[in-house]
Amino acid sequence: MMTETEFLQHSDALFAHIEDELDDYDLDCLLAGNVLTIEADDGTQIIVNRHTPNQELWIAAKSGGYHFAEKDGVWFSTREQREFFEVLNEALSAAVGEEVCVAVFQAA
């Protein structure tokens, strides 16, 4: 398990990576504290946030809410064992009506 500082640094870098990757798409990103709000032109929002006490990443989208825990450097859904970027890309693609592909983030 990461220390709290490591988790915060990792999630900050992950949020920055997502924002950078979405520059090529018609999506607006707003980072406020622990929450990254991604909004499509039609107002559809995907919320990515971190839950520090549990060291989890969360995604909230029309398709549902997802919690992710890190295992061996990969973030998996705690219910379905789906990878974070697989779920994020599906939610983003549904929001904009075209395929969105945020590359998997590899921490340095």
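Summarised in this report is the structure supplied together with it. (Residues numbered from 1 in each chain as written. Predicted model: local features only at pLDDT ≥ 70, side-chain atom pairs only at ≥ 80, totals over all residues. Heavy atoms only, no water.)

Details of the packing of aromatic side chains
(1) Moving on: On inspection of all chains with the given rule, the structure shows 4 aromatic pairs.
(2) Moving on: Geometrically, the ring pair formed by F7 and W75 is tilted, given 6.1 Å between the ring centres and 55° between the ring planes. In this pair, F7 sits in helix α1 (residues 4-21) while W75 sits in strand β6 (residues 74-77), placing the two residues 68 residues apart along the sequence. Considered together, F7 and W75 belong to a single accessibility category, that of buried residues.
(3) Moving on: Ring geometry for F68 versus F84: centroids 5.1 Å apart, planes at 80°, classification edge-to-face. (Phe/Tyr/Trp six-rings, centres within 6.5 Å; stacked < 30°, edge-to-face > 60°. Helix = DSSP H or I, 4+ residues; strand = E, 2+ residues; numbered from the N terminus. Buried < 20%, exposed > 50% of the residue type's maximum accessible area, 1.4 Å probe, protein only.)

Remarks on the pattern of salt bridges
(1) Moving on: One pass over the structure, following the stated rule, counts 4 salt bridges.
(2) Moving on: Between D12 and R50 there is a salt bridge, with its nearest N and O atoms 2.6 Å apart. You can see D12 sitting in helix α1 and its partner R50 sitting in strand β3 (residues 45-51), a full 38 residues away along the chain.
(3) Moving on: For D12, a relative accessible area of 40% puts it in the partly exposed group.
(4) Moving on: In this structure, the salt-bridge partner of E80 is R82, at a minimum N-O distance of 3.8 Å. (Salt bridge = Lys/Arg side-chain N within 4 Å of Asp/Glu carboxyl O.)

Some details on the packing of α1 against helix α2 (residues 84-96)
(1) Moving on: One way to put it is that α1 packs onto α2 with a least axis distance of 13 Å and a crossing angle of 35°. The way α1 lies across α2 gives a crossing that is right-handed. Contacts between α1 and α2 pair L14, H17 and I18 from the former with F84, F85 and L88 from the latter.
(2) Moving on: Considering only residue class, the contact of α1 with α2 consists of 5 nonpolar, 1 polar and no charged. (Axes fitted to C-alpha atoms, helices over the stretch in contact; angles between N-to-C directions. Left-handed = near helix turned anticlockwise from the far one by under 90°. Contact = heavy atoms within 4.5 Å. Nonpolar A, V, L, I, M, F, W, Y, C, P; charged D, E, K, R; others polar.)

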